[in-house]
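Architecture at a glance
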Amino acid sequence: MSLDFSAILSTEGLIAFLTLSLLEIVLGIDNIIFISILTNKLPKENQASARISGISLALVFRVAMLF
């Protein structure tokens, strides 16, 4: 069983991948803003770890969804 990447590496495939990547970047920025707003409601000692955890999880899910 061999994998055929010709559809992905075609012009249309690369344009679709770049479009999806751009959308993921925009939605990632939206996640950062949303997480920052939510974590501001936490006590000061928990804000940094909550931001790091939230942004890390969002990044992992975005990359997983992209693939």
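Above this text is the structure in question.
Report follows, based on the coordinates. Being a predicted model, the structure only gives us computed values, none of them experimental.

With that settled, consider the layout of surface pockets. Size it by volume and the largest pocket reaches roughly 180 Å³. Forming the walls of the largest pocket are Ser21, Glu24, Ile25, Gly28, Asn31, Ile32, Ile55, Ala58, Leu59, Arg62, Val63 and Leu66. Counting only elements with at least two residues in the lining of the largest pocket, the list comes to α1 (11-39) and α2 (44-66). As a volume, the second largest pocket reaches approximately 150 Å³. Considering each element in turn, the lining of the second largest pocket owes the most residues, 3 residues, to α1. For the lining of the second largest pocket, the per-class residue count stands at 5 nonpolar, 1 polar and no charged.

Each value, and the rule that gives it
- Residues numbered from 1 in each chain as written.
- Predicted model: local features only at pLDDT ≥ 70, side-chain atom pairs only at ≥ 80, totals over all residues.
- Heavy atoms only, no water.
- 1 Å grid on protein atoms, 1.4 Å probe; cavity = no way out; pocket = protein on both sides within 12 Å on 5 of 7 lines; lining within 4 Å.
- Points joined across faces, edges and corners; volume = space filled by probe spheres on them.
- Helix = DSSP H or I, 4+ residues; strand = E, 2+ residues; numbered from the N terminus.
- Nonpolar A, V, L, I, M, F, W, Y, C, P; charged D, E, K, R; others polar.

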